[in-house]
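The primary structure of each chain is shown beneath.
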Amino acid sequence: MEPIKVAVWGFGAMGSGIARVLLTKKGVEITGVCDLHPDRVGRSMLEVLDIGGPFDVIISDSIEEALEPKPDVCILATDSFTHKAFPKIKLLVEKKINVICTAEEMSYPKAQSPELAAEIDRLAKKNGVSVLGTGINPGLMMDLLAICLSGCMAEVTHVMCKRVNSLSPFGPAVMEEQGVGLSVEAFEKGCKDGTLAGHVGFSESVNMIADALGFKLSDFKQQMKPIVTTIDRKAPHGFAKANDVAGVNMTGQGYVGGEVLIDMIHPQQIEPEAEGTYTGDYIELKGTPEVNMQIKPEVDGGIGTIAMCVNMIPHVINAKAGLRTMIDLPVPRAIMGDMRNLIER
């Protein structure tokens, strides 16, 4: 039986991490890598990763080259927003290739881009393939996990998802998006003019939870406030001096009938322990019976997203054609055996 063929589009932190994990899995082979960074183009994948492996490819700046031979699935790790990922997804599905996308908005694209979501679904069905957006958050910790826990409840009256995490492992781009190192005044200006992204995914998580539980949202709101440090804090790719911004506290609310049904709380900052903040993931479900979950410290966001993409490969290949979400597919789990054993022939 031939191995599952996988292409990787984007070889930054996520794409290269996905490749590194795929090299350890049974029954799967990376057949192409596309990336535009001049330090990577034309080089061996294993050379860039600085490891050995059972197979190797040359990184190309041409997606057409990276898709030869044709893969069973392409993991797209290049964007955060649906409108930016859409042209790439369209290209892939029109070549009849299944897609797993790390873009946060693609976890539940109909929340903010219903027309694009409908078009992706139409194209995928026309070409007999499936498309999934996933990751650690959104994709699991602040949406799917809460949905799974609600399965033992007869009634749900309120959902609270809280993720307290460290930004220290992330690179310069994330530091810039979150406003790390800015003055409070510069941070507030960035919020107003839209140059600071903060966390992307609250609307997607809230809508996924509401749809899964059968609630009709009447409104959605989110807020973004600076986390100001009282001491100097230094991370590998970020620095915030005392009285400047060390991170961002994101909050969001999903309303049903004018009342808050879903609460999202997501403070993230560099070196949180420096001022007594410890990371963790928390879910509180009010109703019958009440359910409370905590994981301390937080589930690592980097390897978590990488693992979600890798572990969903067989389920996306098996899925009914169309745009799929994490509430449509089997429960994610680590695949320690041969991936080919999960493929429905």
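Below: a short report on this structure. (Residues numbered from 1 in each chain as written. Predicted model: local features only at pLDDT ≥ 70, side-chain atom pairs only at ≥ 80, totals over all residues. Heavy atoms only, no water.)

1. Structural notes on the sheet that holds strand 10 (residues 245-256)
- With respect to topology, six strands assemble into an open sheet ordered 7-10-11-6-12-13, the strand pairing being mixed. The sheet terminates laterally at strand 7 (219-228) and strand 13 (291-295), the two strands that pair on one side only. Taking the axes of each pair of neighbouring strands and ignoring which way they run, one obtains an average angle of 10 degrees across the sheet.
- With six bridges joining them, strand 6 (residues 155-166) and strand 11 (residues 259-269) adopt parallel strand pairing. The residue of strand 11 that forms the bridge with M160 is D263.
- Contacting strand 6, strand 7, strand 10 and strand 11, helix 9 (residues 202-213) crosses the sheet at an angle of about 145 degrees to strand 11. (Pairing = 2+ DSSP bridges. Helix = DSSP H or I, 4+ residues; strand = E, 2+ residues; numbered from the N terminus. Axes fitted to C-alpha atoms, helices over the stretch in contact; angles between N-to-C directions. Contact = heavy atoms within 4.5 Å.)

2. Topic: unusual backbone geometry
- Going from N137 to P138, the amide bond is cis rather than trans, its omega being 0 degrees.
- The omega torsion across T288 and P289 is -15 degrees, close enough to zero to call that bond cis.
- Structurally, the position occupied by P289 is in the loop between strand 12 (280-288) and strand 13.
- In this structure, D50 is a non-glycine residue whose phi angle is positive, near 60 degrees.
- With respect to the element layout, D50 can be found in the loop between helix 2 (45-49) and helix 3 (63-66).

3. Quick look at the packing of helix 4 (residues 82-94) against helix 5 (residues 114-127)
- Relative to each other, helix 4 and helix 5 sit at 10 degrees, their axes nearing to 10 Å. Regarding the angle of helix 4 to helix 5, the classification is roughly parallel. Facing T82, H83, F86, I89, K90, V93 and E94 of helix 4, the residues of helix 5 in contact are L116, E119, I120, L123 and N127.
- Of the residues assigned to the contact of helix 4 with helix 5, the class counts are six nonpolar, three polar and three charged. (Parallel < 35°, antiparallel > 145°, perpendicular 65-115°, else oblique. Nonpolar A, V, L, I, M, F, W, Y, C, P; charged D, E, K, R; others polar.)

4. Considerations on the environment of N207
- Relative to the elements of secondary structure, N207 occurs in helix 9.
- Residue class for N207 comes out buried when judged on its relative accessible area of 17%.
- Separated by 87 residues in the primary sequence, N207 and Q294 have C-alpha atoms spaced 22 Å apart.
- The residues touching N207, leaving out its near neighbours within four places in the chain, are Y108, A111 and L217.
- Within polar-contact distance, the side chain of N207 engages the backbone oxygen of S203 at 2.7 Å. (Buried < 20%, exposed > 50% of the residue type's maximum accessible area, 1.4 Å probe, protein only. Polar contact = N/O pair within 3.5 Å; in protein donor to acceptor, adjacent residues only side chain to side chain.)

5. A few points about helix 10 (residues 301-311)
- Across the 11 residues of helix 10, nine count as buried, placing the element largely inside the fold.
- All buried positions along helix 10 are accounted for by G301, G302, G304, T305, I306, M308, C309, V310 and N311.
- Between the side-chain oxygen at the start of helix 10 and the backbone nitrogen of G302 there is a gap of 2.9 Å, and the oxygen is on D300.

6. Considering the pattern of salt bridges
- For the structure on display, the rule yields 16 salt bridges.
- One salt bridge in this structure joins R40 and D35, with 3.0 Å as the shortest N-O distance.
- The buried category is assigned to D35, whose relative accessible area is 8%.
- Note that D193 is salt-bridged to K189, the shortest N-O span being 3.3 Å. One end of the pair is D193 and the other is K189, both in helix 8 (residues 184-193) and four residues apart, which spans about a single turn.
- Overall, D193 belongs to the partly exposed group, its relative accessible area being 40%.
- Of the residues examined, K189 reaches a relative accessible area of 56% and is grouped as exposed.
- Connected via shared salt-bridge partners are R163, D281 and E298. (Salt bridge = Lys/Arg side-chain N within 4 Å of Asp/Glu carboxyl O.)

7. Observations regarding the pairing of strand 6
- Taking burial as the measure, the 12 residues of strand 6 include nine buried ones, the bulk of the element.
- Sheet analysis places strand 6 next to strand 12, joined by nine bridges and oriented antiparallel. Counterpart to M160 in the pairing with strand 12 is E284.

8. Remarks on the nonpolar core
- Ranked by internal contacts, the top residues of the largest apolar core, which has 39 residues, are M45 and I313.
- Those elements that place two or more of their residues in this core are strand 1 (4-9), helix 1 (13-22), strand 2 (28-34), helix 2, strand 3 (73-76), helix 10 and helix 11 (313-318).
- Among all residues touching M45, those that are not within four sequence positions of it are F11, A19, L23, I30, V33, F55, D56, V57 and I59. (Core = buried A, V, L, I, M, F, W, Y, C linked by side-chain atoms within 4.5 Å.)

9. Details of the side chain of R340
- On the secondary structure map, R340 appears in the segment after strand 14 (322-324).
- Of the polar contacts made by the side chain of R340, one reaches the side chain of D338; its length is 2.7 Å.
- In this structure R340 touches M1, E2, P3, I4, G27 and R345, once residues within four positions along its chain are discounted.

10. Points about the packing of aromatic side chains
- According to the stated counting rule, one finds zero aromatic pairs in the structure shown.
- Lying over the aromatic face of Y282, K162 brings its terminal NZ or CZ to 5.9 Å of the ring centre. (Phe/Tyr/Trp six-rings, centres within 6.5 Å; stacked < 30°, edge-to-face > 60°. Lys NZ or Arg CZ within 6 Å of the ring centre and 35° of its normal.)

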